[in-house]
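In case you want the letters, here they are:
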Amino acid sequence: MKTAHGPGDLRPRKRSLTLRGHRTSVSLEEPFWRGLLAEAARRGLSVNALVAEIDEARGLKSGLASAIRVYVLEAAQSGDAARKEADGSPEE
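Since we're looking at a predicted model, the values are computed, not measured. (Residues numbered from 1 in each chain as written. Predicted model: local features only at pLDDT ≥ 70, side-chain atom pairs only at ≥ 80, totals over all residues. Heavy atoms only, no water.)

### Quick look at helix α1 (residues 30-43)
The α-helix advances 3.6 residues per turn, and as a result positions three or four apart in sequence lie on the same side. With 14 residues, α1 extends 20 Å from end C-alpha to end C-alpha; this agrees with the ideal 20 Å at 1.5 Å per step. Among the residues of α1, those classed as buried are Trp33, Leu36, Glu39 and Ala40. For α1, the angular spread of the buried residues around the axis is 130°, confining them to a single face. Opposite the buried face of α1, by more than 90 degrees, sit the exposed residues Ala41 and Arg42. Where α1 terminates, the next one or two residues include Gly44, which has phi positive at roughly 70°. (Helix = DSSP H or I, 4+ residues; strand = E, 2+ residues; numbered from the N terminus. Expected span 1.5 Å × (residues − 1). Buried < 20%, exposed > 50% of the residue type's maximum accessible area, 1.4 Å probe, protein only. Arc of directions from axis to C-beta.)

Here it is as structure tokens:
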């Protein structure tokens, strides 16, 4: 399967994180890991700090991996909208 990020394995990949002093692991597809790392860098946060924010905001409404995916998607969409606005392109 080819994606906007090129061909690749889209199986979830598990990584360990520390949230408020507790170790946990999260499984995400590589494009979501890349988006999460980019958003953490853009905001000047560690990945652990950003995921702790996402975790706190989600409450018990969803699983952590799902909350991260939605966060990364929304960040990408708002970044796309900001770029279009800066370019003078109409939003879709």
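### Some thoughts on the environment of Ser78
You can see Ser78 is positioned in helix α3 (residues 64-87). The partly exposed category is assigned to Ser78, whose relative accessible area is 46%. A polar side-chain atom of Ser78 sits 3.0 Å from the main-chain carbonyl oxygen of Ala75. (Polar contact = N/O pair within 3.5 Å; in protein donor to acceptor, adjacent residues only side chain to side chain.)

### Some details on helix α2 (residues 47-58)
Taking 1.5 Å per residue as the helical rise, α2 with its 12 residues ought to reach 16 Å, and the 16 Å between its terminal C-alpha atoms agrees with that figure. Three or more residues of α2 are buried, namely Val47, Leu50, Val51, Ala52, Ile54 and Asp55. After α2 finishes, the residue Gly59 shows a positive phi value of roughly 60°.

### Quick word on the nonpolar core
One finds Val26, Leu36, Val47, Val51, Ile54, Leu64 and Ile68 to be the most contacted residues of the largest nonpolar core, which totals 16 residues. Counting only elements with at least two residues in this core, the list comes to β3 (13-19), β4 (22-28), α1, α2 and α3. For this core, the element with the highest residue contribution is α2, accounting for 5 residues. For Ile68, the contacting residues outside a window of four places in its chain are Val26, Leu28, Leu36, Val51 and Ile54. (Core = buried A, V, L, I, M, F, W, Y, C linked by side-chain atoms within 4.5 Å. Contact = heavy atoms within 4.5 Å.)

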